[in-house]
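Reading the structure
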Amino acid sequence: MKGDRVEIVVDAGDTTRTYEVVASRAGRRVETAVRRGVVEVSEVTRSGSVVRTARFMATRVLALVEQPIPREDSSEAARPLREDPES
């Protein structure tokens, strides 16, 4: 969804650096994966095609913060379909 965002904080020796990967268009999402000591953060389309990828050495990553857009909660979805007669 547009607005999905992942922040990556990386140890850069004497300081830290912060990177962001953001879903830039509607219908895209941001996915994270850790493979063979590498953290991959990718922007992916609805069909699963990767638009862009950021790769970091896992030993250097200090924090990986996923910030999805707030989903609207429907009041109908939270309501039970029927009343329980015993309560």
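Quick note: structure is the one above.
Please read all numbers here as calculations on a predicted model, not as lab measurements. Note on numbering: residues in each chain are counted from 1, in written sequence order. Where local features are concerned, this predicted model is filtered to residues with pLDDT of at least 70; where side-chain atom pairs are given and counted, the filter is 80 or more; whole-chain, interface and lining totals use all residues. With hydrogens and water set aside, each side-chain value is computed from the structure's full complement of heavy atoms.

Thoughts on the overall build of the chain
Each helix is a run of DSSP H or I of at least 4 residues and each strand a run of E of at least 2, with the numbering of both proceeding from the N terminus. The secondary structure content of the chain amounts to one helix and six strands. Between buried and exposed lies partly exposed: a residue is buried under 20% and exposed over 50% of the maximum accessible area for its type, with that area taken using a 1.4 Å probe on protein chains only. Taken across its 87 residues, the chain has 24% of its residues classed as buried. Residues count as neighbours in contact if any of their non-hydrogen atoms are within 4.5 Å of one another. Restricting the contact set of the chain to residue pairs at least 6 apart, pairs at least 24 apart contribute 38%. Surface accessibility follows the Shrake-Rupley procedure with a 1.4 Å probe radius. Residue values consider only the protein chains on display as shielding. When the accessible surface of the chain is summed, it comes to about 6,900 Å², and 47% of that surface belongs to carbon and sulfur atoms.

Thoughts on the sheet that holds strand β5 (residues 50-57)
In a beta sheet, neighbouring strands are held together by backbone hydrogen bonds and run either parallel or antiparallel to one another. On the basis of which strands lie adjacent, the open sheet formed by three strands has the order β3-β4-β5 and antiparallel pairing. Edge strands, defined here as strands with exactly one partner in the open sheet, are β3 (29-35) and β5. Adjacent strand axes in the sheet meet at a mean angle of 20°, parallel and antiparallel pairs treated alike. Strand pairing is defined by DSSP finding a minimum of two bridges between the two strands. Of the strand pairs in this sheet, strand β4 (residues 38-44) and β5 are connected by seven bridges, and their pairing is antiparallel. Its bridge partner lying in β5, Ser42 is registered against Thr53. Here an angle of 0 to 180 degrees is reported between the N-to-C directions of two axes, which are lines fitted to C-alpha atoms, with helices fitted over the stretch in contact.

Notes on the pattern of salt bridges
Every case where a carboxyl oxygen of Asp or Glu lies within 4 Å of a side-chain nitrogen of Lys or Arg is listed as a salt bridge. Enumeration over the complete set of coordinates arrives at eight salt bridges. Here Arg29 ties to Glu31 by a salt bridge, and the two come within 2.9 Å at their closest N and O atoms. Looking at Glu31, the relative accessible area reads 37%, which means it is partly exposed. Among the ionic pairs, Arg35 bridges to Glu40, the shortest N-O distance being 2.9 Å. Via salt bridges that share partners, Arg5, Glu7 and Glu20 belong to a single interconnected network.

Brief notes about the environment of Val9
Along the chain, Val9 turns up in strand β1 (residues 5-11). Remark: the alpha-carbon pair of Val9 and Phe56, spanning 47 residues in sequence, is separated by 9.9 Å. Contacts of Val9, omitting those with residues within four sequence positions, involve Thr16, Arg17, Thr18, Arg60, Val61, Leu62 and Ala63.

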